[in-house]
Amino acid sequence: MSELNLILLGPPGAGKGTQASRLTEDFGLPYIGTGDLLRRHVAEETDLGKQAQEQMDNGGLVADDLVIAMILEKIDEEGDDGFLLDGFPRTIPQADALAGALEKRNRRLTAALLIDAPDETVIKRLSGRRQCSDGHLYHVEFDPPKHEGRCDQDGKPLSQREDDEPEKIKKRLETYHEQTEPLKDYYEERGLLRRFDGTQDKVKVHDHIRATLATLRLEERL
Ligand code: AP5
Ligand code: MG
């Protein structure tokens, strides 16, 4: 069994989305990003989007049962040969639901990749983040597009995410520390946690994760 079943953990703005787009290419994995999926539901005004919007606007978490159902369905649709989850699980009940669902399917998680960075770093990153409607990511200072306000990849206009304003960033960080950070111990205890220093340059972070995954995949094949 050499499939890679991966989750990305880390505070808002640590670089989960930035690394995910590179890793899915490297390893041919489907990207399942909870935030992107939820924002699409909100934009399309689906029932789920209507239920999720208030919590997302407040920097809180969407109810576990809604998110769990959405993600398990996606894994069944796209993740038969492996997956990269970005932003799920974010609570212990979500982590338990994922573990239970994988066990039922005779599968297991390969690793939980923690990209860590302190609050002051992520506040700077989120304040300067820009993205196009397809989710391609930039930063006004650290990773600017070639033409101001335009995506290098598809020429679409760049905008700021609604939850990237100072008060909401503060609330998202509180939510992270209270509800998601306990997952570090959860996955450490299960021998699945791999830590990466998210304050480093994005190319270095990428090289480090890629090398770790190449080793893990070799071990899976043995
Ligand atoms: P989500 O969209 O997942 O947001 P988040 O976790 O707050 O994380 P971000 O996307 O803000 O940060 P990131 O780590 O991806 O950083 P990025 O690569 O963009 O979730 C949004 C909301 O949905 C939640 O608040 C919640 O309400 C809801 N939700 C989602 N999942 C849920 C769940 N499981 N349960 C319940 N509710 C859920 O990078 C940030 C910036 O930094 C960019 O500008 C980038 O260019 C720059 N950058 C990246 N890496 C580097 C680097 N190494 N050096 C310098 N700059 C860098
Ligand atoms: Mg993201």
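You'll find the structure just up there.
Residues numbered from 1 in each chain as written. Chains lettered and ligands numbered in written order. Predicted model: local features only at pLDDT ≥ 70, side-chain atom pairs only at ≥ 80, totals over all residues. Heavy atoms only, no water.

**Some details on the layout of surface pockets**
Right, so step 1: In this structure, the second largest pocket occupies an estimated 160 Å³ of space.
Right, so step 2: The wall of the second largest pocket is formed by Ala95, Leu98, Ala99, Leu102, Glu103, Arg107, Arg108, Leu109, Tyr186, Tyr187, Arg190 and Leu192.
Right, so step 3: Where the lining of the second largest pocket is concerned, the elements lending two or more residues are helix 5 (92-104) and helix 8 (182-189).
Right, so step 4: Here the lining of the second largest pocket takes five residues from helix 5, the largest share from any one element.
Right, so step 5: Classifying every residue of the lining of the second largest pocket by side-chain character gives eight nonpolar, no polar and four charged. (1 Å grid on protein atoms, 1.4 Å probe; cavity = no way out; pocket = protein on both sides within 12 Å on 5 of 7 lines; lining within 4 Å. Points joined across faces, edges and corners; volume = space filled by probe spheres on them. Helix = DSSP H or I, 4+ residues; strand = E, 2+ residues; numbered from the N terminus. Nonpolar A, V, L, I, M, F, W, Y, C, P; charged D, E, K, R; others polar.)

**Quick word on the nonpolar core**
Right, so step 1: Membership of the largest hydrophobic core comes to 31 residues, with the highest contact counts inside it found for Ile71, Ile75, Leu85, Leu98, Leu109 and Tyr187.
Right, so step 2: Residue assignment for this core shows that the elements contributing at least two residues are strand 1 (4-9), helix 2 (34-43), helix 3 (47-58), helix 4 (64-78), strand 3 (82-86), helix 5, strand 4 (111-116) and helix 8.
Right, so step 3: Residue contributions to this core peak at six residues, all from helix 4.
Right, so step 4: Beyond its immediate sequence surroundings of up to four residues, isoleucine 75 is in contact with Ile32, Asp80, Phe83, Leu85, Leu98 and Arg107. (Core = buried A, V, L, I, M, F, W, Y, C linked by side-chain atoms within 4.5 Å. Buried < 20%, exposed > 50% of the residue type's maximum accessible area, 1.4 Å probe, protein only. Contact = heavy atoms within 4.5 Å.)

**As for the sheet that holds strand 3**
Right, so step 1: A sheet is described by the order of its strands in space; here five strands give the open sequence 2-3-1-4-7, paired in parallel fashion. Unpaired on one side and paired on the other, strand 2 (31-33) and strand 7 (193-197) mark the two borders of the sheet. Strand-to-strand, the axes of this sheet are offset by a mean angle of 20°, without reference to chain direction.
Right, so step 2: Pairing between strand 4 and strand 7: five bridges, direction parallel. Note on strand 7: the bridge partner recorded for isoleucine 115 is phenylalanine 196. (Pairing = 2+ DSSP bridges. Axes fitted to C-alpha atoms, helices over the stretch in contact; angles between N-to-C directions.)

**Brief notes about helix 3**
Think of an α-helix as 3.6 residues a turn; residues three or four steps apart then line up on the same face.
Right, so step 1: Taken together, the buried positions of helix 3 are Leu48, Gly49, Ala52 and Met56. Burial along helix 3 is one-sided: seen end-on, the buried residues are contained in an arc of 80°. Exposed and oriented more than 90 degrees from the buried face of helix 3 are Asp47, Lys50 and Glu54.
Right, so step 2: In the core, the buried residues of helix 3 are packed alongside helix 2 and helix 4.
Right, so step 3: Residue glycine 59 follows helix 3 closely and has a positive phi angle near 80°. (Arc of directions from axis to C-beta.)

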